[in-house]
Amino acid sequence: AEISNGLLVLNEGSYGNNNAELSYISFNTKLTTQQLYKSVNGKSLGDVAQSITLINGKYYIAVNNSHKIAVIDTAHFSLLYTIDQIPFPRYLLQVSDDIAYVSSLYAAAVFVLQLSTHTVIDTIQTDFANTENMLLDGPYVYICNWDTACNYVYKVDKTTHDIQDRVMVGGQAAHDLAMDKRG
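What counts as what
- Numbering of residues starts from 1 in each chain and follows the order in which that chain's sequence is written.
- Where totals are concerned, whole chains, interfaces and linings use all residues; where local detail is concerned, this predicted model gives features only for residues with pLDDT of at least 70, and gives and counts side-chain atom pairs only at 80 or more.
- Water and hydrogen atoms play no part in the side-chain values, which are based on all heavy atoms of the structure.
- Helix and strand assignments come from DSSP, with helices taken as H or I runs of at least 4 residues and strands as E runs of at least 2, each series counted from the N terminus.
- Exposure is judged per residue with a 1.4 Å probe applied to protein chains only, and the accessible area is read against the type maximum: over 50% gives exposed, under 20% gives buried, and values in between give partly exposed.
- By nonpolar core we mean a set of buried residues, namely Ala, Val, Leu, Ile, Met, Phe, Trp, Tyr and Cys, connected to one another through side-chain atoms within 4.5 Å.
- The criterion used for residue contact is that any of the two residues' heavy atoms lie within 4.5 Å.
- Whether two strands pair depends on DSSP finding at least two bridges between them.
- Interaxial angles span 0 to 180 degrees and are taken between N-to-C directions of axes, which are lines fitted to C-alpha atoms, for helices over the stretch in contact.
- Salt bridges are counted wherever a side-chain nitrogen of Lys or Arg sits within 4 Å of a carboxyl oxygen of Asp or Glu.

**Q** I tried to follow unusual backbone geometry on my own but got confused; where do I start?
**A** Apart from glycine, the bulk of residues carry a negative phi angle, and the bulk of peptide bonds sit in the trans form. Of note, Asn 18 is a non-glycine position whose phi angle comes to about 55°, a positive value. Along the polypeptide, Asn 18 turns up in the loop between β1 (6–11) and β2 (21–26). In this structure, Gln 35 takes a positive phi of about 50° despite not being glycine. Within the fold, Gln 35 resides in the loop between β3 (32–33) and α1 (36–41). You can call Gln 35 partly exposed: its relative accessible area is 48%.

Given below as structure tokens:
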């Protein structure tokens, strides 16, 4: 498939069936390429693709139930390496040139990933399991905790990786964040 003007689709797959996959929709030809990852790499992407994040010119795909992050190139979708130190990875957020945060289903933690070495260098312990989406705002990262007992989001210093505050929200189990129109 010519990858130049289109839409990359991450297909979660069915839980327990090891059938997560990538599709590509070409805006030029209006054709969809199915099973893009498998056709390039000769194997399945894994079980439950949760999210895809573009970081430093590479796609990082959190494959939740396979306990891995597949890192692929953006030109050919070839697997470059696999990060398998994080249980049930959910979402990635780049917080500096060489650091990304990774949330995790079932873990009461956010993992600090050094991008140049593909290793976890620190862990931010949270009060509850099921860390979810994150938002970078200047020197801070706001982290959701998708647990029904949790009624706040964490405010974390992106340099020290320390929790600075727990910001109360109007409900339980925060899942996602967005900046308002003022940024």
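Having seen the model, we can carry on.
**Q** Just checking my understanding: could you explain the nonpolar core for this structure?
**A** Burial of nonpolar side chains together is a common tendency in soluble globular proteins. Counting 16 residues, the largest nonpolar core has Tyr 60, Ile 69, Ile 83, Leu 92 and Val 102 as its most contacted members. Per-element accounting of this core gives the leading share, three residues, to strand β10 (residues 109–114). Discounting residues that sit within four places of it in the chain, Tyr 60 has contacts with Ser 51, Ile 52, Thr 53, Ile 55, Ile 69, Ala 70, Val 71, Tyr 81, Ile 83, Leu 92 and Leu 115. Val 112, Met 134, Ile 143 and Cys 150 belong to the second-largest nonpolar core, a separate cluster that totals 15 residues.

**Q** Can you help me understand the sheet that holds strand β11 (residues 119–125) in this one?
**A** Picture the strands of a sheet paired through backbone hydrogen bonds; they go either parallel or antiparallel. Here four strands make up an open sheet; going across it, the order is β8-β9-β10-β11 and the pairing antiparallel. Strand pairing shows two members of the sheet lacking a second neighbour, β8 (89–96) and β11, which therefore form its edges. Averaged over all pairs of adjacent strands, the angle between strand axes in this sheet comes to 25°, irrespective of strand direction. Relative to β10, strand β9 (residues 99–104) runs antiparallel, the two being bridged by five bridges. Counterpart to Ala 100 in the pairing with β10 is Leu 113.

**Q** Quick question: what am I supposed to make of the pattern of salt bridges here?
**A** Any two side chains of opposite charge can pair if their charged atoms end up close together. Overall, the coordinates contain two salt bridges when judged by the stated rule. With a shortest N-O distance of 2.7 Å, Arg 90 and Glu 132 are connected by a salt bridge. Here Glu 132 lies in strand β12 (residues 131–137) and Arg 90 lies in strand β8, a separation of 42 residues in the sequence. Judged on exposure class, the residue Arg 90 and its partner Glu 132 are both buried.

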